[in-house]
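Examining the three-dimensional arrangement
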Amino acid sequence: MTLKLDINPIKAWMPNIDNPLLISGPCSLETEEQTMETARLLAKDKRVFVFRGGVWKPRTRPGSFEGVGSIGLKWLQQVKEETGLPVGTEVANAQHTEEALKAGLDVLWIGARSTASPFVVQEIADVVKGTDTVVMIKNPVNPDVQLWMGAVERIHQAGVKNIVGIHRGFTPFRETKYRNYPNWKTFIELKRLLPNLPVICDPSHIAGTREYLFEISQKAFDMGMEGLMIESHRDPSCALSDAGQQLTPADLGKMLDKLVIRYENASNPEFDNQLDVLRNRIDAIDAELLETLASRVQIVKQIGEYKRDNNVTALQINRWTQLMENRVKLGQSMDINETFVKILFQLIHEDSVRMQTEIMDQE
Ligand code: PEP
Ligand code: MN
């Protein structure tokens, strides 16, 4: 069910923004010099609106660099003073949150591992209660849209209105091209459930390697996401965490130059008219599709009765295999995606079998 929560648009807390919200900075703050140099370079690019830096790092296995801890908050304050950029870090418990608020950080984000734990989210919600801080909520590591939505609701129930979702992909269950599987449909479902929630994309943690950052960022804009959180380090090859996926500020600038930014509406009446014409055609085609399906259902039922009267099973594997092969070939000859045709006919066939078994069981 769609929930209309009272969540502010990004412009409410970032009034001078006329571009996508770009958040950038290193995966981890490592030293004062590394923090300041990266921040200075990023601040020169006026497309960067917020500086990020991990201070407490959730690492999957112990023994990796776990962040510099509270000292990093001081460096973030310094970045804010010197560059004027709002600053943010990840918080994963009540103590982190208290310290980050005390240090005057502008943005706090809840990491993917924490979003998966309602106790952790509630603990953070209790500390941010009633503040006007910006809380960003990454998707949980598993593609569970309810868990992601629940975290947004917990923060919202604490009276926080400046909330942003961050899509950072999901732990894959097999070897995939990307470090984290994007499963874009989870983002679409979250937007359906919470239409007011601004959502940005974190291509760094989806990609895992620099070479895929551009294509994921472009896809995020194509799908209407409102910004990006991208990791950037003055010297990625020496980074203590996520070295393979970070960009130098200069390379980030080059990548941004190539990205096409898209808007939900074109504010151009000519475009709107043309879109309406095309959409009317789609509506008519969809109606025809459904009418065709309804005729198919009638015949499926007739066959069901015929099979019942002759004591023949609803499912006949040979027929099903032949049908699928034929439909895939036919689809290919019409330039329709093979996987799509397969899934479509699996659904159609599954429902035909269901209808026929129901007809048989009525007897
Ligand atoms: C991060 O942003 O550096 C981070 C640890 O992200 P995630 O929670 O998405 O893994
Ligand atoms: Mn990282």
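Along each chain, numbering runs from 1 in the same order as the chain's sequence is written. Chain letters and ligand numbers both follow the written order, the letters beginning at A and the numbers at 1. The predicted origin of the model limits local features to residues at a pLDDT of at least 70 and limits the giving and counting of side-chain atom pairs to 80 or more, whereas totals for whole chains, interfaces and linings rest on all residues. By convention in this description, side-chain values take in all heavy atoms of the structure and omit both hydrogens and water.

Another point: the overall build of the protein chain. Put simply, DSSP marks the helices as runs of H or I at least four residues long and the strands as runs of E at least two long, and each gets a number from the N terminus on. When its secondary structure is counted, the protein chain shows 14 helices and eight strands. Principal-axis analysis of the C-alpha atoms places the extent of the protein chain at approximately 80 × 50 × 40 Å. Only protein chains enter the accessibility calculation, which uses a 1.4 Å probe. A residue is then buried if its area is under 20% of the maximum for its type, exposed if over 50%, and partly exposed in between. When the 363 residues of the protein chain are sorted by exposure, 45% land in the buried category. Counting only contacts in the protein chain whose residues sit at least 6 apart along the sequence, the fraction spanning at least 24 positions is 73%. In the structure as shown, the protein chain presents an accessible area of about 19500 Å², 53% of it carried by carbon and sulfur atoms. Neither His nor the chain termini are counted; the positive set is Lys and Arg, and the negative set is Asp and Glu. Charge positions are represented by NZ for Lys, CZ for Arg, CG for Asp and CD for Glu. Where the 42 positive side-chain charges of the protein chain centre and where its 49 negative ones centre are 2 Å apart. Note on definitions: a residue-residue contact is assigned when non-hydrogen atoms from the two residues lie within 4.5 Å. To be clear on the numbers: accessible area is Shrake-Rupley with a 1.4 Å probe, and residue cover counts the displayed protein chains and nothing else.

This part covers empty space enclosed by the protein. A 1.4 Å probe that fits but cannot get out identifies a cavity on a 1 Å grid over protein atoms alone, an open set with protein on both sides within 12 Å along at least five of seven lines counts as a pocket, and a residue lines either if it has an atom within 4 Å of a point. Grid points are joined across faces, edges and corners, and a volume is the space filled by probe spheres set on the points. Tallied over the entire structure, the rule returns one cavity of 30 Å³ or more. By volume, the largest cavity is sized at about 40 Å³. For the largest cavity, the full set of lining residues is Pro172, Phe173, Arg174, Thr176 and Tyr181.

What follows deals with the state of the cysteines. Disulfide assignment relies on a single distance test, namely cysteine sulfur atoms paired within 2.5 Å. This structure, assessed with the given rule, holds zero disulfides. Counting only cysteine sulfurs, Cys27 is the nearest neighbor of Cys201, a cysteine outside any disulfide, at a range of 16 Å. Judged by its relative accessible area of 0%, Cys201 falls in the buried class. Free cysteine: Cys238, not disulfide-bonded; nearest cysteine sulfur from Cys27 at 15 Å. Among the residues examined, Cys238 registers a relative accessible area of 47% and is labelled partly exposed.

In this section: the packing of helix α13 (residues 317–333) against helix α14 (residues 338–361). Two numbers describe how α13 lies on α14: the axes approach to 9 Å, and their chain directions differ by 140 degrees. Classified by the angle their axes make, α13 and α14 are oblique. For the element pair α13 and α14, the recorded crossing hand is right-handed. Between α13 and α14, the contacting residues are Trp320, Leu323, Met324, Arg327, Val328, Gly331 and Gln332 on the first element and Glu338, Val341, Lys342, Phe345, Gln346 and His349 on the second. Looking at the contact of α13 with α14, its residues break down into six nonpolar, four polar and three charged. The axes used here are C-alpha line fits, helices contributing only the stretch in contact, and every angle between their N-to-C directions lies in the interval 0 to 180 degrees. Should an angle fall under 35 degrees it is taken as roughly parallel, and over 145 as roughly antiparallel, whereas 65 to 115 is taken as roughly perpendicular and any remaining angle as oblique. Crossing handedness: left-handed means the near helix sits turned counterclockwise from the far one by under a right angle, and right-handed means the same turn made clockwise. Residues are sorted three ways: Asp, Glu, Lys and Arg are charged, Ala, Val, Leu, Ile, Met, Phe, Trp, Tyr, Cys and Pro are nonpolar, and all the rest, Gly among them, are polar.

Before going further, it helps to examine the coordination of the manganese ion (ligand 2). Distances define the donors: N, O and S atoms within 2.8 Å of the metal qualify, as do those within 3.2 Å of Na, K or Ca. Water is excluded, so some sites may look unfinished. Coordination of the manganese ion (ligand 2) by the protein comes from Cys27 (SG), His205 (NE2), Glu231 (OE) and Asp242 (OD), over a distance range of 2.0 to 2.4 Å. Sequence spacing of the donor residues for the manganese ion (ligand 2), all on one chain, is C-x177-H-x25-E-x10-D. Linking His205 in helix α9 (residues 203–207) with Glu231 in strand β8 (residues 227–231), this pair joins segments that are 26 residues apart in sequence. Exposure class is identical for His205 and Glu231. Each is buried.

With that settled, the discussion passes to a nonpolar patch on the surface. On the surface, a nonpolar cluster with roughly 450 Å² of combined accessible area is contributed by Leu330, Met334, Ile336, Phe340 and Leu344. Topologically, Leu330 is positioned in helix α13. A relative accessible area of 44% places Leu330 in the partly exposed class. What goes into a patch is any residue over 30% in relative accessible area without a salt bridge, connected to like charges within 9 Å or, for nonpolar side chains (Val, Leu, Ile, Met, Phe, Trp, Tyr), within 5 Å. Any Lys or Arg side-chain nitrogen found within 4 Å of a carboxyl oxygen on Asp or Glu counts as a salt bridge.

What follows is about the pairing of strand β1 (residues 21–25). For β1, the buried fraction is high: five of the five residues fall into the buried class. Whether two strands pair depends on DSSP finding at least two bridges between them. Bridge count for β1 against β8 is five bridges, and the pairing is parallel. Within the sheet, the bridge partner assigned to Ser24 lies in β8 and is Ile230. In the sheet, β1 pairs with strand β2 (residues 50–52) via two bridges, with the strands oriented parallel. Its bridge partner being in β2, Ser24 is matched across the sheet by Phe51. If you view a crossover with the strands going away from you and the path from the first strand over the helix to the second runs clockwise, you call it right-handed. Crossover β1 to β2 through helix α2 (residues 32–43) is right-handed.

For each residue, the test is whether any non-hydrogen atom lies within 4 Å of the molecule or strand; if one does, the residue is near. Neighbouring residues of ligand 1: Cys27, Arg52, Lys57, Glu90, Trp109, Gly111, Ala112, Arg113, Lys138, Arg168, His205 and Glu231. For ligand 1, an oxygen atom lies 2.8 Å from a polar atom in the side chain of Arg52. Side-chain atoms alone can form a polar contact between residues adjacent in sequence; in general such a contact is a pair of N or O atoms within 3.5 Å, and within protein one must be able to donate a hydrogen while the other accepts it. The side chain of Lys138 places a nitrogen or oxygen atom 2.8 Å from an oxygen atom of ligand 1. Protein burial of ligand 1: of its 300 Å² of free accessible surface, 97% is covered by the chains. A per-class count over the shell around ligand 1 returns three nonpolar, two polar and seven charged.

Note that Ser28 resides in the loop between β1 and α2. On the accessibility criterion, Ser28 (0% relative accessible area) is buried. There is a polar contact of 2.6 Å between the side chain of Ser28 and the side chain of Ser241. Non-local contacts of Ser28, meaning those with residues more than four positions away in its chain, are made with Gln34, Gly54, Lys57, Phe65 and Ser241.

So, on to unusual backbone geometry. The phi angle of most residues is negative, glycine excepted, and most peptide bonds adopt the trans form. Even without a glycine there, the phi angle at Asn311 is positive, about 55 degrees. Residue Asp335 is not a glycine yet carries a positive backbone phi of 65 degrees. Locating Asp335 in the fold gives a position in the loop between α13 and α14. You can call Asp335 exposed: its relative accessible area is 73%.

Structural measurements only, silent on function.
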